[in-house]
Amino acid sequence: MLAVGQRWFSLRALLMHLGLLVFAAGCAAATWWQASRALGGNGLSWFYTFEWPIFIGIAVAAWWHLIHEDPAARAARLQQRIEEVDPVERQAEW
């Protein structure tokens, strides 16, 4: 198990924190904007008013999963993907 400091304060974690904050702030701004449009009479904006907070919830769930992901399990999963692909097919991806 990772130490708490490494899990929350590694470069990878700090970048994920920053990404979540930027994304959540953008979604909150979009929610405010759509709510003001909906209150102004735009009926379709009601849907978007409730959609943006759902995106924030999905982002928080993904952030939480990635912060608590075991690095060894992630490395093993990535290595397995590499080994399953035929080298000829891998070159075709480039």
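Conventions used here
- Residues numbered from 1 in each chain as written.
- Predicted model: local features only at pLDDT ≥ 70, side-chain atom pairs only at ≥ 80, totals over all residues.
- Heavy atoms only, no water.
- Helix = DSSP H or I, 4+ residues; strand = E, 2+ residues; numbered from the N terminus.
- Buried < 20%, exposed > 50% of the residue type's maximum accessible area, 1.4 Å probe, protein only.
- Expected span 1.5 Å × (residues − 1).
- Core = buried A, V, L, I, M, F, W, Y, C linked by side-chain atoms within 4.5 Å.
- Contact = heavy atoms within 4.5 Å.
- Axes fitted to C-alpha atoms, helices over the stretch in contact; angles between N-to-C directions.
- Parallel < 35°, antiparallel > 145°, perpendicular 65-115°, else oblique.
- Nonpolar A, V, L, I, M, F, W, Y, C, P; charged D, E, K, R; others polar.
- Salt bridge = Lys/Arg side-chain N within 4 Å of Asp/Glu carboxyl O.

Draft legend 1. Layout of the environment of Ala25. Structurally, the position occupied by Ala25 is in helix α2 (residues 11–39). Judged by relative accessible area, which is 47%, Ala25 ranks as partly exposed. As a C-alpha pair, Ala25 and Ile56 span 31 residues in sequence and 9.0 Å in three-dimensional space.

Draft legend 2. View of helix α3 (residues 45–67). The terminal C-alpha atoms of α3, which comprises 23 residues, lie 33 Å apart, in line with the 33 Å expected from a rise of 1.5 Å per residue. Among all positions in α3, only Ser45, Thr49, Glu51, Ala59, Trp63 and Ile67 are buried.

Draft legend 3. Geometry of the nonpolar core. One finds Ala13, Met16, Leu20, Ala59, Trp63 and Ile67 forming the largest nonpolar core, which totals six residues. Contributions of two or more residues to this core are made by α2 and α3. Not counting residues up to four positions away in its chain, the partners in contact with Trp63 are Trp8, Met16, His17 and Leu20.

Draft legend 4. Representation of the packing of α2 against α3 in the model. The N-to-C vectors of α2 and α3 enclose an angle of 170°; their axes lie 7 Å apart at closest approach. On the basis of the axis angle, α2 is roughly antiparallel to α3. Here the contact of α2 with α3 is built from residues that sort into 22 nonpolar, five polar and two charged.

Draft legend 5. Inspection of the pattern of salt bridges at higher detail. What the rule picks out here adds up to three salt bridges. With its nearest N and O atoms 3.2 Å apart, the salt bridge here joins Arg12 to Glu69. Taken together, the positions of Arg12 in helix α2 and Glu69 in the loop between α3 and α4 (71–84) put the pair 57 residues apart, joining distant regions of the chain. Given the relative accessible area of 11%, Glu69 is considered buried. With its nearest N and O atoms 2.8 Å apart, the salt bridge here joins Glu69 to Arg77.

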